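This is what each chain is made of:
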Amino acid sequence: MAEISMADPLDVPEQKMIIDRVVEENKDLPGAPMVVLNELQSRVGYISIPMQEYVAGKLGIPPSQIYGVVSFYSFFTTQPRGKHTIKFCLGTACYVGGAPKLIEKAKEVLGIDVGETTDDWQITFECCRCVGACSQAPTVMVDNDVYGRVTPDQIPEIISRYREEGPDEG
């Protein structure tokens, strides 16, 4: 597995070049902050607080405007993420169907809490409001894979599919 650097992307020359290129290529477009942030999330993987301040300066806008966008949209993240993201649906059907028990089991299996990433950088653990599969409640998403009618005893097996040699990408 590739080693994940804990240095801020601005302190890593290759990543800073990406940041500068993305800002330069998109700074004059309508809605430039959103375009730049989307591209940075995609290419760097997250948007740190120092990156937000840097981008705001480069775009000539207040840092609060960049922070507002990053904090409003759930697809932006401010910390490095794992190779895989496991999300537990907390919509009404899933919640009533047992999602809290699934979350407790995942905490036990992963050894981390919601909002954290495993030490091996394999899995980031999150909750979400609804995955749109209410008839399959309770549901769990891992990356783009949806698991329905999940029971706590299935959690270890689902998680094991994504450790180190998880499902092929593509």
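Residues numbered from 1 in each chain as written. Predicted model: local features only at pLDDT ≥ 70, side-chain atom pairs only at ≥ 80, totals over all residues. Heavy atoms only, no water.

With that out of the way, let us pick up the side chain of His84. With respect to the helices, strands and loops of the structure, His84 is situated in strand E1 (residues 84-89). Given the relative accessible area of 1%, His84 is considered buried. Engagement of the side chain of His84 in a polar contact is seen with the side chain of Asp143, the distance being 2.5 Å. (Helix = DSSP H or I, 4+ residues; strand = E, 2+ residues; numbered from the N terminus. Buried < 20%, exposed > 50% of the residue type's maximum accessible area, 1.4 Å probe, protein only. Polar contact = N/O pair within 3.5 Å; in protein donor to acceptor, adjacent residues only side chain to side chain.)

The subject of this paragraph is the sheet that holds E1. An order of E2-E1-E3-E4 is seen for the four strands of this open sheet, with the pairing classed as mixed. Each edge of the sheet is formed by a strand with only one pairing partner; in this case those strands are strand E2 (123-128) and strand E4 (145-147). Ignoring strand direction, the axes of neighbouring strands in this sheet form an average angle of 20°. Bridge analysis of E1 against strand E3 (residues 140-142) gives three bridges, and the strand direction is antiparallel. Residue pairing in the sheet places Phe88 in a bridge with Val140 of E3. Packing against the sheet, helix H6 (residues 99-110) makes contact with E1, E2 and E3, and its axis sits at approximately 165° to E2. (Pairing = 2+ DSSP bridges. Axes fitted to C-alpha atoms, helices over the stretch in contact; angles between N-to-C directions. Contact = heavy atoms within 4.5 Å.)

This part covers the side chain of Ser48. Tracing the chain through its elements places Ser48 in the loop between helix H2 (32-44) and helix H3 (49-59). Ser48 sits in the buried class, given a relative accessible area of 4%. Apart from the residues lying within four places of it in its own chain, the contact partners of Ser48 are Asp8, Pro9 and Thr78.

Let us look at the packing of aromatic side chains. Going through the model one piece at a time under the given rule, you end up with five aromatic pairs. Ring geometry for Tyr73 against Phe76: centres 6.3 Å apart, planes inclined by 85°, an arrangement best described as edge-to-face. With relative accessibility at 33%, the residue Tyr73 sits in the partly exposed group. Centre to centre, the rings of Phe75 and Phe76 are 4.6 Å apart; their planes meet at 55°, and the pair counts as tilted. Phe75 sits in the partly exposed class, given a relative accessible area of 43%. Among the residues examined, Phe76 registers a relative accessible area of 5% and is labelled buried. Members of the aromatic cluster, joined through ring pairs, are Phe72, Tyr73, Phe75 and Phe76. (Phe/Tyr/Trp six-rings, centres within 6.5 Å; stacked < 30°, edge-to-face > 60°.)

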